[in-house]
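# A look at the structure
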Amino acid sequence: MVKIPSMQLTQAVALSFLVCTANAAFDPKRLNVLGPQGVNLWRLEKAKAAKVLKKPLSFIVQEAEGTQGARARAVTDFEAQWFEQPLDHFDKSSEYTFLQRYWVNDRHYVPGSGGPVIVLDGGETSGEDRLTYLDTGIVEILANATGGIGVVLEHRYYGASIPVANFSTDSLRWLDNEQAAADSANFMSSIKFKGIDEDLTAPKTPWIYYGGSYAGARAAHMKVLYPELTWGSIASSGSCYLLFIRSLLLITIRSQPAVTHAAISNWEYMEVIRHYADPTCSSHLEQSIKTIDHILDQPHFGILLKALFGLQDLQHDDDFVSLLSSPLGNWQSKVWGPFGSPAFDDFCTALNKPIGQLAAAATNLPYGDPSRMISVADGLSLDLSIFNYASYIKTCFGTYNDTQYQVTTLDQDWRLWQFQVCTQWGYFTTAPPDPDHPRIISRRLTLDYLSKICKQAYPPGKYFTVPKLPNITAVNDLGDFDLAADRLAFIDGEQDPWRPDTPHSQFYANDRPDTILRPFKLIPGAVHHWDEWGLADPKAEPPEIQQIHEEMVGFVNSWLEDFKVAKNM
C-alpha cells in the first residue's frame with residue numbers, strides 16, 4: 001500500500017483536464033442517465049461553451065471532434081425554410097399557429113419523376129444538428145440512390161421551431177408524441193416545395209420516413225398512426241416502449257435504436273455498457289461503485305471520500321453518486337470514423353493510470369491488490385481506480401433546491417426533453433432492481449431520486465399538471481416490442497445502450513425474420529444509430545456501414561417498385 005501526502009492528493013484531484021464531458025456534445029438523453037444532476041452539467045457545458053466560443057448561450061451547439069467542418073458546410077449549403085403548423089392539431093377551436101423549420105436537399109431530384117421524398121425527423125434537438133445527414137448521411141444516400149428529395153424536419157419546440165413565449169408547465173402542454181406526429185402528417189400532406197412545380201404531397205408521392213433514437217420511435221409510429229401517408233419508415237435505434245417500474249416491481253416487462261418501448265425505470269441501459277465495455281474498465285467500475293456505496297454507509301468516511309472528489313460540500317449522497325455516473329453517458333457517443341467521441345475510452349484509460357509513487361506495474365494487478373491501494377486517511381485506503389475516478393470528475397452542484405429548476409425562459413432548452421421524459425417517455429436510469437446484480441452505478445440512484453426533477457421543474461400549471469409518473473401507456477399502446485408493419489424497417493446497434501428498449505431487445509423482445517418487406521437488422525459492434533452517418537466518399541466508410549447502407553438502398557428501392565405497382569392497380 002502506498003501513502004501519498006495530502007498535498008499530492010489535492011494536486012492530483014485538481015488535474016481534472018479529462019473532464020467527464022470532454023469531446024462530447026451534451027446529449028439531451030443524458031438527462032435520463034443523470035436525473036436532476038444532468039441539468040447542472042447542462043449549465044456547466046453551456047457556460048463553458050459560451051466562454052470559449054463567445055456566443056450567446058441559446059445558440060451554442062457542441063459536437064464530437066471531427067464533425068464541426070461537415071456541419072458548418074451543411075448549414076451553409078441548405079437554406080432554412082418554414083411551414084405553418086397549428087399549435088394544437090386536436091382542438092379545432094384553437095387558431096394559434098407556429099412556424100416549423102425545415103431544410104431540403106434537391107440535388108438528385110429529377111423533375112417529373114414524382115418523388116420519392118425522404119424525410120428525416122429532427123427529434124429532440126435543433127434541426128441544424130441533423131444537417132450532416134442531409135449533406136452526406138442517410139438522407140443524401142437514399143435521395144441519391146432513388147432520385148428523390150431529402151428533407152430534415154425540425155421537431156416542435158426545438159431549435160427555432162418554438163411555438164410559445166416560455167417553457168413553463170402550461171406552455172409545454174403541446175409537446176407530446178401525438179402533436180409531433182400530427183405535425184409530420186400535416187407537413188407530408190400539404191407541403192409545396194420551393195422551386196418545384198409539382199405536387200409531391202403524400203399519398204400521391206411515396207414518402208419514406210426516417211428517424212434515429214427517439215425520432216426512430218416516431219418513424220415507427222407514423223406507420224401506425226398515418227399509414228395512408230407514410231409509404232415506408234426506417235426506425236434506427238428507436239426505443240419502442242416506455243419502461244415500466246421494473247425496479248419497484250422486481251419484474252421484467254421492458255431514448256436519443258428505434259426506442260419503441262417507453263419505460264419508467266431503464267436500468268438495462270447501464271447493463272449494456274457494463275457488458276460491452278472493455279472488461280478491465282467494466283470490472284474496475286463495478287468494484288469501485290461497490291466500494292463507494294460501502295464507504296457512504298459510514299458517514300465519517302463518506303465525508304472523506306467526497307473531499308477526495310472535491311465535493312465535500314455536497315450534502316446528499318445521491319447527488320454525489322449521480323455525478324459519478326456522468327462519464328457513462330458518453331458510451332452512446334461512440335460512433336465510427338470521424339463522427340464519434342473518444343470520451344468514454346479516455347475515461348476508461350484514466351481510471352487505471354499510475355499515480356505518484358505507485359508503480360506502473362500495479363495497473364496490471366487486480367482491483368484491491370495491496371500494491372494498488374492508496375492510503376487517504378487513517379483507516380481509509382482506496383484502490384487506484386477510485387483515486388483516478390476522483391481526478392476525472394469535475395465539480396457540480398446539489399439538486400435539492402427546487403428553485404434552480406424553475407427558470408422557464410426559452411434558453412432553458414433542457415426543459416424540453418426532460419418534460420417529455422416526465423410526461424410520456426420515462427427512461428429513468430436506475431440501479432438494477434436486484435441488489436445482488438452486478439452494476440456500474442450506485443444503488444442510491446433510485447426512481448425517487450431520478451424522477452424528483454419532474455416535481456421540482458414542472459409545478460402544476462393552470463391548464464396542465466405533470467403526472468406523478470410518465471404516462472408510458474400512450475407510447476406502448478402503439479405496438480411496444482411487437483410493433484411491426486409492411487415497409488417498416490428496424491435497424492439497431494448490437495452495443496447500443498438503448499437496444500433493450502427496441503424490438504431488438506436482448507432482454508424482452510422476440511426475434512423476427514429479416515425480410516425486404518419488413519427489414520430487421522442488427523449492426524455488429526455498433527452503438528447508437530450508426531447507419532445515420534455517411535461520408536462523401538462511401539468507399540471510406542467501415543465495411544459494416546457500407547453493407548447496411550447498401551441493404552437500406554436495396555429495400556427502399558424495392559418499396560418504391562411496390563408503390564408503382566399499387567399506383568397502377
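Preceding this section is the structure that the text describes.
Within each chain, residue numbers correspond to sequence positions counted from 1 in written order. The predicted origin of the model limits local features to residues at a pLDDT of at least 70 and limits the giving and counting of side-chain atom pairs to 80 or more, whereas totals for whole chains, interfaces and linings rest on all residues. Computation of side-chain values: all heavy atoms of the structure, hydrogens and water removed.

### Some remarks on the overall build of the protein chain
- A count of helices and strands for the protein chain gives 19 helices and 14 strands.
- Categorising residues by exposure relies on relative accessible area from a 1.4 Å probe, with only protein chains included: less than 20% of the type maximum marks a residue as buried, more than 50% marks it as exposed, and the intermediate range marks it as partly exposed. Counting over 569 residues, the protein chain shows a buried share of 61%.
- To measure how exposed things are, a 1.4 Å probe is used in the Shrake-Rupley method; for residues, cover is taken only from the protein chains shown. About 21,700 Å² of surface is accessible on the protein chain, with carbon and sulfur atoms providing 55% of the total. Numbering of helices and strands runs from the N terminus; a helix is a DSSP stretch of H or I covering at least four residues, while a strand is a stretch of E covering at least two.

### Structural notes on the sheet that holds strand E5 (residues 149–153)
- Spatially, the eight strands line up as an open sheet ordered E2-E3-E5-E4-E6-E7-E13-E14, and their pairing is mixed. In this open sheet, the two edge strands, each paired with only one partner strand, are strand E2 (81–86) and strand E14 (520–523). Strand-to-strand twist across the sheet, computed as the mean angle between neighbouring axes with direction ignored, equals 25°.
- Two strands make a pair as long as DSSP finds a minimum of two bridges between them. Sheet topology note: the strand E7 (residues 232–236)/strand E13 (residues 488–493) ladder contains four bridges and is parallel. Paired with serine 233 across the bridge in E13 is leucine 488. An axis is simply a line fitted to the C-alpha atoms; with a helix, the fit covers only the stretch in contact. Between two such axes, the angle follows the N-to-C directions and lies from 0 to 180 degrees.

### Details of the packing of aromatic side chains
- For this analysis, a ring pair means two rings from Phe, Tyr or Trp (six-membered ring only for Trp) whose centres lie within 6.5 Å, classed as stacked if their planes differ by under 30 degrees, edge-to-face if by over 60, and tilted for the remaining angles. Scanning all chains against the criterion turns up 23 aromatic pairs.
- With a centroid separation of 5.2 Å and 75° between ring planes, the pair formed by phenylalanine 83 and phenylalanine 187 is classed as edge-to-face. One end of the pair, phenylalanine 83, is in strand E2; the other, phenylalanine 187, is in helix H7 (residues 177–190), and 104 residues separate them in sequence. Assigned by exposure class, phenylalanine 83 and phenylalanine 187 land together as buried.
- Between tyrosine 133 and tryptophan 533 the ring centres are 5.0 Å apart and the planes differ by 80°, which places this aromatic pair in the edge-to-face class.
- With a relative accessible area of 2%, tyrosine 133 lands in the buried category.
- Note on criteria: charge over ring means Lys NZ or Arg CZ within 6 Å of the ring centre, with the direction from the centre no more than 35 degrees off the ring normal. Looking at lysine 334, its charged tip hangs above the ring of tryptophan 331, at a distance of 5.1 Å from the centre.

### Notes on helix H6 (residues 138–146)
- Burial analysis of H6 places seven of its nine residues in the buried class, which makes it a mostly covered element.
- One or two positions beyond H6, positive phi appears at glycine 147, with a value near 70°.

### Topic: helix H12 (residues 299–308)
- Inspection of H12 places Phe301, Gly302, Leu305, Lys306 and Leu308 among the buried residues, and these make up the whole buried set. One side of H12 holds all its buried residues, which, seen down the axis, span an arc of 150°. Residues Pro299, His300 and Ile303 are exposed on H12 and point more than 90 degrees away from its buried face.
- Once H12 ends, the next one or two residues include glycine 310, with phi positive near 75°. The arc under discussion is defined with respect to the helix axis, by the directions toward the C-beta atoms.

### Side note on the state of the cysteines
- To count as a disulfide, a pair of cysteine sulfur atoms needs to be within 2.5 Å. This model, assessed by the stated rule, comprises two disulfides.
- Shown here is the disulfide that connects cysteine 281 with cysteine 348, its sulfur atoms set 2.1 Å apart. Judged by the torsion about the S-S bond (-70°), the cysteine 281/cysteine 348 disulfide is left-handed. Of the two residues, cysteine 281 is situated in helix H11 (residues 279–296) and cysteine 348 in helix H14 (residues 343–351); the sequence distance between them amounts to 67 residues.

### Describing the pairing of strand E11 (residues 380–383)
- Where strand E10 (residues 373–377) lies against E11, four bridges are found, and the strand directions are antiparallel. Bridge pairing links serine 375 to serine 381 in E11.

### Brief notes about unusual backbone geometry
- Of the consecutive residues glycine 115 and proline 116, the connecting peptide bond is found in the cis state with omega at 5°.
- The residue proline 116 is located in the loop between strand E3 (97–105) and strand E4 (117–121) in this model.
- Following alanine 202, the chain continues to proline 203 via a peptide bond in cis, the omega torsion being 10°.
- Of note in this structure, serine 213 is not a glycine but carries a positive phi near 65°.
- With a relative accessible area of 0%, serine 213 lands in the buried category.
- Despite not being glycine, tyrosine 427 has its phi angle at roughly 70°, a positive value.
- Owing to a relative accessible area of 0%, tyrosine 427 belongs among the buried residues under this scheme.

### Considerations on the packing of H6 against helix H19 (residues 543–568)
- Where H6 meets H19, the axes come as close as 10 Å, and the angle between the chain directions of the two elements is 50°. Comparing their axes, H19 and H6 come out oblique. In the packing of H6 onto H19, the handedness of the crossing is right-handed. The segment H6 lies against H19, with Ile138, Ile141, Leu142, Ala145 and Thr146 engaging His549, Met552, Val553, Val556, Asn557 and Leu560.
- Residues were grouped as follows: Ala, Val, Leu, Ile, Met, Phe, Trp, Tyr, Cys and Pro as nonpolar; Asp, Glu, Lys and Arg as charged; and all remaining residues, including Gly, as polar. Among the residues making up the contact of H6 with H19, the classes are represented as eight nonpolar, three polar and no charged. For classification purposes, angles smaller than 35 degrees are called roughly parallel, those larger than 145 roughly antiparallel, those between 65 and 115 roughly perpendicular, and all remaining angles oblique. Helix crossings get a hand from a simple test, with the near helix turned counterclockwise from the far one by less than a right angle marking a left-handed crossing and a clockwise turn marking a right-handed one. Throughout, a contact is declared for two residues whenever any of their heavy atoms are within 4.5 Å.

### Let's talk about the pattern of salt bridges
- Any Lys or Arg side-chain nitrogen found within 4 Å of a carboxyl oxygen on Asp or Glu counts as a salt bridge. All chains considered together, the criterion is met by 24 salt bridges.
- Close ionic contact of lysine 334 with aspartate 345 constitutes a salt bridge, the shortest N to O distance being 3.1 Å. One end of the pair, lysine 334, is in the loop between helix H13 (317–324) and H14; the other, aspartate 345, is in helix H14, with 11 residues separating them in the sequence.
- Given the relative accessible area of 38%, aspartate 345 is considered partly exposed.
- Counted as one network, the salt bridges with shared partners bring together Asp293, Asp297, Lys306, Asp317, Arg439, Arg443 and Arg444.

### Observations regarding the environment of tryptophan 425
- Summarising the element assignment, tryptophan 425 is placed in helix H16 (residues 414–425).
- By relative accessible area, which is 0% here, tryptophan 425 ends up buried.
- Residues tryptophan 425 and threonine 473, 48 residues apart in the sequence, show an inter-C-alpha distance of 9.2 Å.

### Let's talk about the packing of helix H8 (residues 214–225) against H16
- In contact at an axis separation of 14 Å, H8 and H16 are set at 50° when each is read in the N-to-C sense. In terms of orientation, H8 lies oblique with respect to H16. Every pair of crossing elements has a handedness; the one defined by H8 and H16 is left-handed. Facing H8, whose interface residues are Tyr214, Ala217 and His221, H16 presents Trp417, Gln420 and Trp425.
- Per-class residue counts for the contact of H8 with H16 are four nonpolar, two polar and no charged.

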